[in-house]
Amino acid sequence: MTITANNLTWAAGIMEGEGYFGIRKAGDTVIQLTMTDKDVVERMFSIFKIGTRKEHVLPSGKTAYSWIITNQR
């Protein structure tokens, strides 16, 4: 998948509703998307081809998937 106008519009909508943009205490910039829809997180990663993906189990038993970009070394 590539960065097209349609993919960028889709990504902006997802990040506006579900994403996080911030600066951590150590000064690291972070962009993060976390949700239980694995296909959405995988699509975001496949569009931008950067960052890391993680998953963890929530107290409800559902699995949450994250896509994280940071300048942390």
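These numbers come from a predicted model, not from an experiment.

**Notes on the overall build of the chain**
Part 1 of the reasoning: Counting its regular elements, the chain contains two helices and four strands.
Part 2 of the reasoning: Projected onto its principal axes, the C-alpha positions of the chain cover 35 × 30 × 20 Å.
Part 3 of the reasoning: The proportion of buried residues among the 73 residues of the chain is 26%.
Part 4 of the reasoning: Sequence-distant contacts, at least 24 apart, represent 51% of the contacts inside the chain between residues at least 6 apart.
Part 5 of the reasoning: Accessible area for the chain stands at about 5100 Å²; split by element, carbon and sulfur atoms hold 55% of it.
Part 6 of the reasoning: Here the chain holds 9 positive side-chain charges and 7 negative ones, and the gap between their average locations is 7 Å.

**Here we look at helix 2 (residues 38-48)**
Part 1 of the reasoning: Residues Val40, Val41, Met44 and Ile47 constitute the buried set of helix 2. Across the axial projection of helix 2, the buried residues extend over an arc of 125°, all falling on one side.
Part 2 of the reasoning: After helix 2 finishes, the residue Lys49 shows a positive phi value of roughly 55°.

**As for helix 1 (residues 5-18)**
Part 1 of the reasoning: Between its first and last C-alpha, helix 1 extends 20 Å over 14 residues, near the 20 Å set by a 1.5 Å rise per residue.
Part 2 of the reasoning: Inspection of helix 1 places Asn7, Ala11, Ile14 and Met15 among the buried residues, and these make up the whole buried set. With its buried residues spanning 95° around the axis, helix 1 presents them on a single face. Those residues of helix 1 that are exposed and aimed more than 90 degrees away from the buried face are Ala5, Asn6, Thr9, Glu16 and Gly17.
Part 3 of the reasoning: Packing partners of the buried residues in helix 1 comprise strand 1 (19-23), strand 2 (29-35), helix 2 and strand 4 (63-70).

**A closer look at the nonpolar core**
Part 1 of the reasoning: Judged by nonpolar contacts, Ala11, Ile14, Met15, Leu33, Met35, Val40, Val41, Met44, Tyr65, Trp67 and Ile69 together constitute the single largest core of eleven residues.
Part 2 of the reasoning: Of all elements in the fold, only helix 1, strand 2, helix 2 and strand 4 reach the threshold of two or more residues within this core.
Part 3 of the reasoning: Setting aside residues no more than four positions away along its own chain, Val40 makes contact with Trp10, Ile14, Leu33 and Met35.

**Section: the side chain of Asn7**
Part 1 of the reasoning: Within the fold, Asn7 resides in helix 1.
Part 2 of the reasoning: When sequence neighbours within four positions are dropped, the list of residues in contact with Asn7 reads Met1, Thr2, Arg43 and Ile47.

Parameters at a glance
Residues numbered from 1 in each chain as written. Predicted model: local features only at pLDDT ≥ 70, side-chain atom pairs only at ≥ 80, totals over all residues. Heavy atoms only, no water. Helix = DSSP H or I, 4+ residues; strand = E, 2+ residues; numbered from the N terminus. Buried < 20%, exposed > 50% of the residue type's maximum accessible area, 1.4 Å probe, protein only. Contact = heavy atoms within 4.5 Å. Areas by Shrake-Rupley, 256 points an atom, 1.4 Å probe, with all protein chains shown as cover. Lys, Arg positive; Asp, Glu negative; His and termini not counted. Charge placed at Lys NZ, Arg CZ, Asp CG, Glu CD. Arc of directions from axis to C-beta. Expected span 1.5 Å × (residues − 1). Core = buried A, V, L, I, M, F, W, Y, C linked by side-chain atoms within 4.5 Å.

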